Amino acid sequence: MRKRRRKRIVTQPETLLQVRNLKKYFPIRGGIFGKKVGDIKAVDNVSFTVNKGETLGIVGESGCGKSTTGRSILRLEEPTAGEVEFEDSLLNELNGEEMRRMRRKLQMVFQDPFASLNPRKTAGAIIEEPLTVHGIGEARERKEKVKELLQVVGLDAYHAERYPHQFSGGQRQRIGIARALAVRPKLVVADEPVSALDVSVQSQVLNLLEDLQEKFGLTYLFIAHDLSVVRHISDRVGVMYLGRMVELAERDTLYDNPLHPYTQALLSAVPVPNPDAERERIILTGDVPSPSDPPAGCAFHTRCPYVMDICREKRPEFQDQGDGHFVACHLMDE
Ligand code: SF4
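Owing to the predicted nature of the structure, the values given are computational and were not obtained by experimental measurement. (Residues numbered from 1 in each chain as written. Predicted model: local features only at pLDDT ≥ 70, side-chain atom pairs only at ≥ 80, totals over all residues. Heavy atoms only, no water.)

Undergrad: Sorry if this is basic, but what is going on with the packing of helix 3 (residues 123-133) against helix 4 (residues 139-152) here?
TA: The axes of two packed helices give the description: the angle between them and the distance between them. Running from amino to carboxyl end, helix 3 crosses helix 4 at an angle of 120 degrees, the nearest separation of the two axes being 9 Å. Overall, the two elements helix 3 and helix 4 adopt an arrangement that is oblique. The handedness of the crossing between helix 3 and helix 4 comes out as right-handed. Every residue of helix 4 that contacts helix 3 at Gly124, Ile127, Glu128, Leu131 and Thr132 is listed here: Arg142, Lys143, Lys145, Val146, Leu149 and Leu150. A per-class count over the contact of helix 3 with helix 4 returns 5 nonpolar, 2 polar and 4 charged. (Axes fitted to C-alpha atoms, helices over the stretch in contact; angles between N-to-C directions. Helix = DSSP H or I, 4+ residues; strand = E, 2+ residues; numbered from the N terminus. Parallel < 35°, antiparallel > 145°, perpendicular 65-115°, else oblique. Left-handed = near helix turned anticlockwise from the far one by under 90°. Contact = heavy atoms within 4.5 Å. Nonpolar A, V, L, I, M, F, W, Y, C, P; charged D, E, K, R; others polar.)

Undergrad: It is not clear to me how the site of the ligand should be interpreted in this structure. Could you clarify?
TA: His260, Pro261, Cys298, Phe300, His301, Cys304, Tyr306, Cys311, Cys329, His330 and Leu331 make up every residue found near the ligand. Within the shell around the ligand, the residues separate by chemical class into 8 nonpolar, 3 polar and no charged. (Near = heavy atom within 4 Å.)

Undergrad: Help me out: how do you make sense of the pairing of strand 2 (residues 35-51) in this one?
TA: Taken residue by residue, a regular strand's side chains alternate between the two faces of the sheet. Relative to strand 2, strand 1 (residues 15-30) runs antiparallel, the two being bridged by 13 bridges. Bridge pairing links Gly30 to Lys35 in strand 2. The hairpin turn running from strand 1 into strand 2, its antiparallel successor, is 4 residues long, and Gly31 in that turn takes a positive phi close to 75 degrees. (Pairing = 2+ DSSP bridges.)

Undergrad: Sorry, what's going on with helix 6 (residues 199-216) here?
TA: Owing to its 3.6 residues per turn, the α-helix brings residues three or four apart onto one side. Between its first and last C-alpha atoms helix 6 spans 26 Å; for 18 residues at 1.5 Å apiece the expected length is 26 Å, and the two agree. Residues Val201, Gln202, Ser203, Val205, Leu206, Asn207, Leu208, Leu209, Glu210, Leu212 and Gln213 constitute the buried set of helix 6. Packed against the buried residues of helix 6 are strand 3 (55-59), helix 4, helix 5 (169-181), strand 8 (219-224) and helix 7 (227-233). Residue Gly217 follows helix 6 closely and has a positive phi angle near 65 degrees. (Expected span 1.5 Å × (residues − 1). Buried < 20%, exposed > 50% of the residue type's maximum accessible area, 1.4 Å probe, protein only.)

Undergrad: Looking at this structure, I do not really get the UniProt feature "domain: ABC transporter" (unreviewed entry) in the chain. What am I missing?
TA: Mapped onto the present numbering, the UniProt feature "domain: ABC transporter" (unreviewed entry) falls on residues 17-267. Between the C-alpha atoms that bound residues 17-267 the distance is 27 Å, and the span itself is 36% helix and 29% strand. (UniProt positions renumbered as here; feature names shortened; annotations may be inferred.)

Undergrad: It is not clear to me how the pattern of salt bridges should be interpreted in this structure. Could you clarify?
TA: Charged atoms that come close allow side chains of opposite charge to pair. Under the counting rule described, the total for this entry stands at 22 salt bridges. The salt bridge partner of Arg71 is Glu77, with a shortest N-O separation of 3.5 Å. Residue classification places Glu77 among the partly exposed positions, given a relative accessible area of 22%. In this structure, Glu87 and Lys105 form a salt bridge, with 3.0 Å as the shortest nitrogen-oxygen distance. Of the two residues, Glu87 sits in the loop between strand 4 (81-86) and strand 5 (89-90) while Lys105 sits in the loop between helix 2 (96-102) and strand 6 (106-109), which places them 18 residues apart along the sequence. The class for Lys105 is partly exposed, based on a relative accessible area of 30%. One continuous salt-bridge network, built from bridges that share partners, spans Arg20, Glu83 and Glu85. (Salt bridge = Lys/Arg side-chain N within 4 Å of Asp/Glu carboxyl O.)

Undergrad: Would you explain the nonpolar core in this entry?
TA: Burial of nonpolar side chains together is a common tendency in soluble globular proteins. Counting 55 residues, the largest nonpolar core has Ile127, Ile175, Ile177, Leu212 and Phe222 as its most contacted members. Ignoring any residue separated from it by four or fewer positions in sequence, one finds Leu212 in contact with Val152, Val153, Ile177, Leu181, Gly217, Leu218 and Tyr220. Grouped together as the second largest cluster of nonpolar side chains are 28 residues, Val19, Val46, Val50 and Leu74 included. (Core = buried A, V, L, I, M, F, W, Y, C linked by side-chain atoms within 4.5 Å.)

Undergrad: Before we go on, may I ask you to explain the packing of helix 5 against helix 6 in this structure?
TA: With their axes 10 Å apart at the nearest point, helix 5 and helix 6 run at an angle of 20 degrees to one another. Comparing the axis directions of helix 5 and helix 6 gives the class roughly parallel. Regarding helix 5 and helix 6, the two cross each other, and that crossing is right-handed. Along its contact with helix 5, which presents Gly170, Gln173, Arg174, Ile177 and Leu181, the element helix 6 presents Val201, Gln204, Val205, Leu208, Leu209, Leu212 and Phe216. A per-class count over the contact of helix 5 with helix 6 returns 8 nonpolar, 3 polar and 1 charged.

Undergrad: It is not clear to me how the environment of Leu91 should be interpreted in this structure. Could you clarify?
TA: Inspection of the secondary structure assignment puts Leu91 in the loop between strand 5 and helix 2. For Leu91, a relative accessible area of 0% corresponds to the buried category. It is 7.9 Å that separates the C-alpha atoms of Leu91 and Ile73, two residues lying 18 residues apart in sequence. Ignoring anything within four residues of it in the chain, the contact list for Leu91 reads Ile73, Arg75, Val84, Phe86, Met99, Met102 and Leu106.

Undergrad: Sorry, what's going on with the sheet that holds strand 1 here?
TA: As a general point, the strands of a sheet are linked pairwise by backbone hydrogen bonds and lie either parallel or antiparallel. Spatially, the 4 strands line up as an open sheet ordered 2-1-4-5, and their pairing is antiparallel. The sheet terminates laterally at strand 2 and strand 5, the two strands that pair on one side only.

Undergrad: How should the side chain of Arg236 be read in this particular structure?
TA: With respect to the helices, strands and loops of the structure, Arg236 is situated in strand 9 (residues 236-241). By relative accessible area, which is 10% here, Arg236 ends up buried. Polar side-chain contacts of Arg236 include one of 2.6 Å to the backbone oxygen of Thr49. Among all residues touching Arg236, those that are not within four sequence positions of it are Thr49, Val50, Asn51, Glu54, Thr55, Leu56, Gly57, Leu248, Ala249, Glu250 and Arg251. (Polar contact = N/O pair within 3.5 Å; in protein donor to acceptor, adjacent residues only side chain to side chain.)

In structure tokens form, the structure reads like this:
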């Protein structure tokens, strides 16, 4: 994997996206009348900001709510509560037509490039589709634009005539990225964009995303479970557990000095390249509780090696411990 370039120093970061107290609950229905008997709290009061031009990584085990967070921001899932402010608009207050127009600025790259591409359409038609939907350009201009986009993502113009099954996994993801870029978005939510790819191809796609970010001034919300991938591409990283954000900090701060016990455990499991470097592996006991019945207080208390009485009763606040290092843990109050 190529070493990450140092980004230009931005003195006053400009906020592009603000997520405030976002919740997404899925109803659980039971009985013969299908009455609602509970909720799966997939995203439970999550707040963070994304600055213009940065990559915010969101990491966590599968089922922690990171993908639902991304989808709820774009309203691919309707949020249950909370606010999502993008530029000067509250996305959650836009009507259908306003949201449709807004989607030009907000695009998504999906995990499985094969499942997300229509097998009956050529790569050219897939990339052209968002241009058509948003009424951009005449037919001939759109065809030219498709050729240009194919080249931007490292493919050739003749690939426009091929179908998804005629491409490798990495090439298919390049088509997915070209489709997302077609409408010149400002924010791209990339949901596990490389996890279905071979390791060698992963780095090519990550490098491509970085190059495109620089070229088009993109802002990324990068969702993944692989801590090394997230470290490679992110400027800041947020860690989610059971629908909640438990820690968020500058990338190096988080990886070098994790403060939340869950982040510490996650990072202790990542192999270090230096065999002489000592790192104590923290083994968590117990299973991740169900999001339909999350524990009271701190959601991590059933597995935390430092659990205290207060952790079982009171939910810790997600607070800035200094320099934008946010942590939700009662240990910070000690
Ligand atoms: Fe552990 Fe308590 Fe901190 Fe939760 S609040 S992570 S249980 S110490």
